Amino acid sequence: MATTSITIGAPSTFAPDLWSDHGLQTASTHGTVVTALAPQGTVRLVLADEALGTCAAVTARIDTVVTVRLDVPLGDAVGYWHPNAGSDRTLPADWSPWRHVSLVESAPAGCLYDTAGRALLAFATDRTVALTGVRFGVSEEHKRFGVWLRLPLTAGETYRIRLLPPGGTVAGTLRALRRWFAALPGGEPMPTPEFGRTPVYSTWYSFTQDVCAADVEREAALAAELGFGQLFLDDGWQRYGSGRGYSGCGDWRPDPDKFPDLRTHVETVHALGLRQVLWIAPLLLGERSDVFPWLSRFATHWSPTLECWILDPRHVEVRDHVLRTCLQLVDEFGLDGLKADFLDEAMVYAGTRGTQDSARDGYLPDVGAALAAMLTDLREGLRDRRGDEFVIELRQRYTGPAMTAFGNLLRANDCPADAVANRVRTLDIALLAPGGTVHSDMLMWDPQADADVVARQFHGALHAVPQISARLAELPDAHRDALAFWLSTWRALRPTLLSGHYEPGRPDQLYPQVIATGDDRCVITCFVDRIVPLCPDLRQVSLINATSAHQLFLDLDAPWTVHLSPHDAQGRAQAPLIRELTPGLNTVDVPPGGLCHLREAAELT
């Protein structure tokens, strides 16, 4: 979540009366107190128990701005999860800044949890598109944890908050909330075609903007041999796409030197068996573009970081330009999808006035509503052309539950060579997103390092579709062998890794041990030295040792005779053996960064 001041009347510093309940409407459910902080008679608060928790409904009697407080005793709380928590995973104070959530900025949901990883307060709201102000933290005076939600309501409008009973795991609680998100009007997720769940070769970290057709086609041929299913042509394919700046964005035409015939290039990639997706940042407008003279009036914010202007999607002219440009790219070059980047830059216009009268036809005053309209048109335009055989990739911070109606690939934010961040970010997305397929940030590593680094990078992407961005033609043989092994392992375990039921542990501990189960298989990934609970009822278990230790400790409640098939981090098979595992603690040798498959020994006789 961004920490800038919100623009709907919330104070920029803490106000003690935010903990007041004098003369206000208050109700409680399962230990959570709900308070409507609004002038007497302006709103009505009603709580109702339903099949999935409790619904707190706040209905405005007149046009007003309301703040709703949710608060619980601190108890044994240790962390607060929210979609854009990033590295901020412990307990903030209640004087922390106001933040905002909207369609392209986080999501209106959160979960306070204790040392056992059990939820103390878990909520979501139905305001997934329009701007909501959010603040949360610990009260020094009251020894309670509070969440404040601030928003405007028109007369007769109802704001709904879903509150779940405490006691469930963080993952289980968020899964319940994501089912509720999916059932909201307009919340049905886009389907994901099968190719969207295949490994991706990305050009970004391997080439950055120094990319051309011949180099990409060479990499595509090697990627196809390794079992990739998609190629993402990232930033740099377009005119003026060099130097990391975006002064030429807006026309979205191929660079004639790098890609003199983009259509033929895409056909070449298709002939290798790969689908091709193209990067585009449709709301960036550079002064060197041909469209700048007539679109510049709709781009009043200059980004010094991106070195370009940001188009304001509230204007129908901007939305029409984006739709026309995106559909033309897909039609003209035969693309299988688009990677839509920098959509969250539009939030600079949240709460501001546009450059034209809001009464003008087609102008939408709320940025979230405008982006929803723009993305709806794009989705339907692509669906008219491709049915459901197309993909739209979205990137954190706009991978919230409402966005799964507009994008079916949800990618972790950039974290080059940071396997821990990749693990945390992909799991954060998957915990709340009701649909779509989670993609990792692109994996990159030092080509001069030991080949075990390939495994360590891959471990961070195990519970997502891995994207690889290394120059395959230049990889040492040991790196290529390690990459081939982990790709083949991921494909074999994919049903459990992507679609199984998983428990990753506490968010503030960065998800130390992920246990995924599906059908008769269990995949357990240990990122720290921790005892592995094992149930012999499972017929197949894959233990992934993402630590530097040489063995894992297993805890069984019944004896189990198993066949062990270990591999080291580079995929080299170790001597298999049969072991009698006894109730209680057992040790199993698993090479650092490697894995071991366990199967019921009786099945092999």
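## Digging into the overall build of the protein
The secondary structure content of the protein amounts to 10 helices and 33 strands. Computed over its C-alpha atoms, the radius of gyration of the protein comes to 25 Å, within 12% of the 25 Å expected for a compact globule of 605 residues. Projected onto its principal axes, the C-alpha coordinates of the protein cover approximately 75 × 65 × 40 Å. In the protein, which comprises 605 residues, the proportion classed as buried is 59%.

## Some points on the packing of aromatic side chains
For the structure on display, the rule yields 12 aromatic pairs. Note on Tyr80 and Phe136: the rings are 4.5 Å apart at their centroids and 40° apart in plane angle, and the pair reads as tilted. With a gap of 56 residues between them, Tyr80 in strand β6 (residues 77-81) and Phe136 in strand β10 (residues 132-138) connect regions that are remote in the sequence. Seen from their ring centres, Tyr246 and Trp279 are 6.1 Å apart, and the 35° between their planes marks the pair as tilted.

## Let's talk about a nonpolar patch on the surface
There is a patch of nonpolar side chains on the surface, built from Ile531, Phe553 and Leu585 and spanning about 280 Å² of accessible area. Within the fold, Phe553 resides in strand β29 (residues 551-556). By relative accessible area, which is 38% here, Phe553 ends up partly exposed.

## With respect to the sheet that holds strand β18 (residues 308-310)
In space, the three strands of this open sheet follow the order β16-β18-β17, with antiparallel pairing throughout. Either end of the sheet is taken by a strand with one partner, and the two such strands are β16 (284-285) and β17 (301-303). Two strands pair when backbone bridges link them, and β17 and β18 are joined in this way by three bridges, in the antiparallel orientation. Across the sheet, the residue bridging to His301 is Ile310, located in β18.

## Looking at helix α10 (residues 477-499)
Taking 1.5 Å as the rise per residue, α10 with 23 residues should run 33 Å; its terminal C-alpha atoms sit 32 Å apart, in good agreement. A maximum bend of about 70° is found in α10 at Leu493, where proline Pro495 lies one to four positions downstream. Within the span of α10, buried status applies to His479, Ala482, Leu483, Phe485, Trp486, Leu487, Thr489, Trp490, Leu493, Arg494, Thr496 and Leu497.

## Considering the sheet that holds strand β4 (residues 54-60)
Reading across the sheet, the six strands line up as β3-β4-β12-β9-β8-β6 and stay open at both edges, with antiparallel pairing between neighbours. Looking along the sheet, the strands with just one partner apiece sit at the ends: β3 (43-49) and β6. Strand-to-strand, the axes of this sheet are offset by a mean angle of 15°, without reference to chain direction. Bridging between β3 and β4 involves seven bridges; their strand directions are antiparallel.

## Considerations on the confidence of the model for the protein
Looking at the protein as a whole, its pLDDT mean stands at 93, while 96% of the residues score no less than 70. Contacts for the low-pLDDT stretch residues 1-7, under 50 throughout, to residues beyond four places or in other chains number 29 contacts.

## A closer look at the pattern of salt bridges
Applying the stated criterion across every chain, the model contains 30 salt bridges. The shortest N-O distance in the salt bridge between Glu380 and Arg379 comes to 2.8 Å. In this structure Glu380 comes out as partly exposed when scored by relative accessible area, which is 30%. Asp508 is the salt-bridge partner of Arg506, the closest N and O atoms lying 2.6 Å from each other. With a relative accessible area of 15%, Arg506 lands in the buried category. Classification of Asp508 as partly exposed rests on a relative accessible area of 22%.

## Focus on helix α7 (residues 367-386)
The first and last C-alpha atoms of α7 sit 28 Å apart over 20 residues, in line with the 28 Å expected at 1.5 Å per residue. Val367, Gly368, Ala370, Leu371, Ala372, Met374, Leu375, Leu378, Arg379, Gly381 and Leu382 are the residues of α7 that are buried. Lining the buried residues of α7 we find α6 (316-333) and β20 (391-395). The residue sitting at the N-terminus of α7 and contributing the capping side-chain oxygen is Asp366; that oxygen lies 2.9 Å from the backbone nitrogen of Gly368. Of the residues trailing α7, Gly387 is marked for its positive phi of about 65°.

The rules we used
Residues numbered from 1 in each chain as written. Predicted model: local features only at pLDDT ≥ 70, side-chain atom pairs only at ≥ 80, totals over all residues. Heavy atoms only, no water. Helix = DSSP H or I, 4+ residues; strand = E, 2+ residues; numbered from the N terminus. Rg over C-alpha atoms; globule rule 2.2 N^0.38 Å. Buried < 20%, exposed > 50% of the residue type's maximum accessible area, 1.4 Å probe, protein only. Phe/Tyr/Trp six-rings, centres within 6.5 Å; stacked < 30°, edge-to-face > 60°. Patch = residues over 30% accessible without salt bridge, like charges linked within 9 Å, V, L, I, M, F, W, Y side chains within 5 Å. Areas by Shrake-Rupley, 256 points an atom, 1.4 Å probe, with all protein chains shown as cover. Salt bridge = Lys/Arg side-chain N within 4 Å of Asp/Glu carboxyl O. Pairing = 2+ DSSP bridges. Expected span 1.5 Å × (residues − 1). Bend = angle between axes of the 7 residues up to and from the residue. Axes fitted to C-alpha atoms, helices over the stretch in contact; angles between N-to-C directions. pLDDT = per-residue confidence, 0-100. Contact = heavy atoms within 4.5 Å. Polar contact = N/O pair within 3.5 Å; in protein donor to acceptor, adjacent residues only side chain to side chain.

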